[in-house]
Amino acid sequence: MWYHKPVINEELLQSLPNLKIVANSGVGIDHLDLKLLSSYGVKLANTPFAVSTDTADMGMALMLASSRRLVEGYQMAVSPDTEYFPADWLGDELSGATLGIVGMGTIGYKVAERAKAFEMKILYHNRNQRNKEEESAVGAIYCKKIDDLLQQSDFVLLSVNLTPQTHKLIGKRELELMKPTATLINISRGLVVDQDALVEALQNKVIKAAALDVTYPEPLPRDHPLLKLKNVIITPHIGSATKKTRRLMMENMIESIQAGLTGLPIPNEVL
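Thresholds applied
Along each chain, residue indices are assigned from 1 in the same order as the chain's sequence is written. In keeping with the predicted nature of the model, local features appear solely for residues at pLDDT of at least 70, side-chain atom pairs appear and are counted solely at 80 or more, and the whole-chain, interface and lining totals rest on all residues. Computation of side-chain values covers all heavy atoms of the structure but excludes hydrogens and water. The way it works is that DSSP assigns letters per residue, a run of H or I at least four long becomes a helix, a run of E at least two long becomes a strand, and they are numbered from the N terminus. By definition here, a helix of n residues has an expected span of 1.5 Å times n minus one. Here's how the labels work: a residue is buried when its accessible area is under 20% of the maximum for its type, exposed when over 50%, partly exposed in between, all with a 1.4 Å probe on protein chains only. Directions drawn from the helix axis to the C-beta atoms are what define this arc. The axes are straight lines fitted to the C-alpha atoms, using for helices just the contacting stretch, and the angles between their N-to-C directions are given from 0 to 180°. Roughly parallel means an angle under 35 degrees; roughly antiparallel, over 145; roughly perpendicular, 65 to 115; everything else is oblique. For a crossing to be left-handed, the near helix must be turned anticlockwise from the far one by less than a right angle; the clockwise case is right-handed. Here a residue-residue contact requires only that any non-hydrogen atoms of the pair lie within 4.5 Å. Here the nonpolar group is Ala, Val, Leu, Ile, Met, Phe, Trp, Tyr, Cys and Pro; Asp, Glu, Lys and Arg are the charged ones; every other residue, Gly included, is treated as polar. UniProt positions are given in the numbering used here, feature names are shortened, and annotations may be inferred rather than shown by experiment. At least two bridges found by DSSP between two strands is the condition for calling them paired. For the charge count, each Lys or Arg is scored as positive and each Asp or Glu as negative, with His and the chain ends excluded. Salt bridges are counted wherever a side-chain nitrogen of Lys or Arg sits within 4 Å of a carboxyl oxygen of Asp or Glu. Pairs of N or O atoms are called polar contacts if they sit within 3.5 Å, as long as, within protein, a hydrogen donor faces a hydrogen acceptor (for residues adjacent in sequence, only side-chain-to-side-chain pairs). With the strands pointing away from the viewer, any crossover whose connection runs clockwise from the first strand over the helix to the second is right-handed.

For helix α10 (residues 243-262), which comprises 20 residues, the first-to-last C-alpha distance of 29 Å matches the rise-based estimate of 28 Å (1.5 Å per residue) to within 8%. Burial in α10 covers these residues: Thr245, Met249, Asn252, Met253, Ser256, Ala259 and Gly260. Each buried residue of α10 lies within a common arc of 130 degrees when the element is viewed along its axis, so the set occupies one face. Structural note: α10 exposes Lys243, Lys244, Arg247, Leu261 and Thr262 on the side pointing more than 90 degrees away from its buried face. Two residues or fewer after α10 comes Gly263, characterised by a positive phi angle close to 80 degrees.

Before going further, it helps to spend a moment on the packing of helix α3 (residues 48-67) against helix α5 (residues 106-117). Two numbers describe how α3 lies on α5: the axes approach to 8 Å, and their chain directions differ by 45 degrees. As judged from the angle between their axes, α3 and α5 are oblique. For the pair α3 and α5, the crossing hand works out as right-handed. Mapping the contact onto sequence places Phe49, Val51, Ser52, Thr53, Thr55, Ala56, Asp57 and Met60 in α3 and Thr106, Ile107, Lys110, Val111, Arg114 and Ala115 in α5. The residue inventory of the contact of α3 with α5, partitioned by class, reads seven nonpolar, four polar and three charged.

With that out of the way, let us pick up the UniProt feature "domain: D-isomer specific 2-hydroxyacid dehydrogenase NAD-binding" (unreviewed entry) in the protein. The feature "domain: D-isomer specific 2-hydroxyacid dehydrogenase NAD-binding" (unreviewed entry), as annotated in UniProt, sits at residues 60-239 in this numbering. With 32% helix and 16% strand, the stretch residues 60-239 has end C-alpha atoms that lie 11 Å from each other.

The seven strands lie next to each other as β5-β4-β3-β6-β7-β8-β9, forming an open sheet whose pairing is parallel. The sheet is open, and its two borders are formed by β5 (140-142) and β9 (232-234), each paired with just one other strand. Neighbouring strand axes in the sheet, compared pairwise and without regard to direction, differ in orientation by 15 degrees on average. Relative to strand β4 (residues 121-125), strand β3 (residues 98-102) runs parallel, the two sharing five bridges. When the bridges of β4 are listed, Val102 appears paired with His125. Strand contacts of helix α9 (residues 195-203): β7 (183-186), β8 (209-212) and β9, with the helix running at about 140 degrees to β8, the strand carrying the most contacts.

Once that is clear, we can look at the side chain of Asp54. With respect to the helices, strands and loops of the structure, Asp54 is situated in helix α3. We note that Asp54 is buried and unpaired, the nearest opposite charge coming from Arg114 at a distance of 7.1 Å. Looking at Asp54, its side chain comes within polar contact range of the side chain of Thr242, at 2.4 Å. Ignoring sequence-local partners within four residues, the contact set of Asp54 consists of Gly239, Ser240, Thr242 and Thr245.

Moving on, we come to the pairing of β3. Among the five residues in β3, five count as buried, and that is most of the element. What you see with β3 is no split at all: Thr98, Gly100 and Val102 on one side and Leu99 and Ile101 on the other are buried throughout. At this point the chain moves from β3, through α5, to the parallel β4, and the crossover so formed is right-handed. Of the pairings in the sheet, the one linking β3 to strand β6 (residues 155-158) comprises four bridges and is parallel in character. When the sheet's bridge partners are listed, Val102 is paired in β6 with Leu158.

Tallied over the entire structure, the rule returns 12 salt bridges. As a salt-bridge pair, Glu72 and Arg69 come within 3.2 Å of each other at their nearest N and O atoms. Judged by relative accessible area, Glu72 falls into the partly exposed class, the value being 23%. Connected through salt bridges with shared partners, the residues Asp147, Arg173 and Glu174 form a single ionic network.

Set out below in structure tokens:
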């Protein structure tokens with residue numbers, strides 16, 4: 001499967017009685033019915049490790065672009081109406097700021113490694129606490145309650161899988177817990193955030209800004225209010241979009257398919 005195609009539904013499964021395995025590009029499997037696949041005896045594999053480095057890089061890129069207002073700055077620099085650069089046009093520093101990572105899996109941890117180099121204070125919220133050695137390596141502090149992370153963070157970065165538990169994890173209540181000077185960064189899935197609540201929070205300065213590599217739907221309707229806000233950066237779901245990683249993803253999928261057809265253990269099998 002590439003870009004969620006073909007759609008794996010019951011009709012397709014019934015038409016493919018010899019199907020043994022579905023190999024999905026990327027880490028997200030929220031578009032798949034795992035119970036349905038299992039009922040037909042079909043195994044599933046994804047490519048979680050192939051995408052982690054590039055997606056973590058994307059998280060840092062969005063954080064930097066938003067904090068230093070790069071998109072606004074570019075528009076000012078190239079505008080035919082610009083006669084001078086205002087001295088009071090300022091961004092925010094990453095160094096010394098507090099980053100709250102929601103979802104400290106492979107991608108979230110790699111973001112923490114990068115943020116440490118920027119001398120950021122790192123908080124994280126996860127289903128399970130990382131071991132002390134892993135925490136110490138990046139200087140991360142565990143927040144058992146997401147509320148504690150939201151209240152303390154200057155930047156909140158979302159790096160969770162989309163599940164029933166994380167669907168609209170960040171809504172009106174959570175946004176109001178964040179600092180009015182805080183920025184929300186989403187590199188997971190659009191539906192992890194209540195977009196209507198986010199629009200309202202950005203318009204009313206409940207939070208300062210948002211940087212989103214994911215939305216729902218993708219792309220957004222051209223008249224969507226998120227597209228009109230200056231304190232928002234949106235990119236077209238390109239977290240893993242480098243030549244090297246896309247090739248590695250395809251190689252991982254082929255390895256899983258070959259293993260599934262020969263009865264060998266399947267790399268990156270989703271259980």
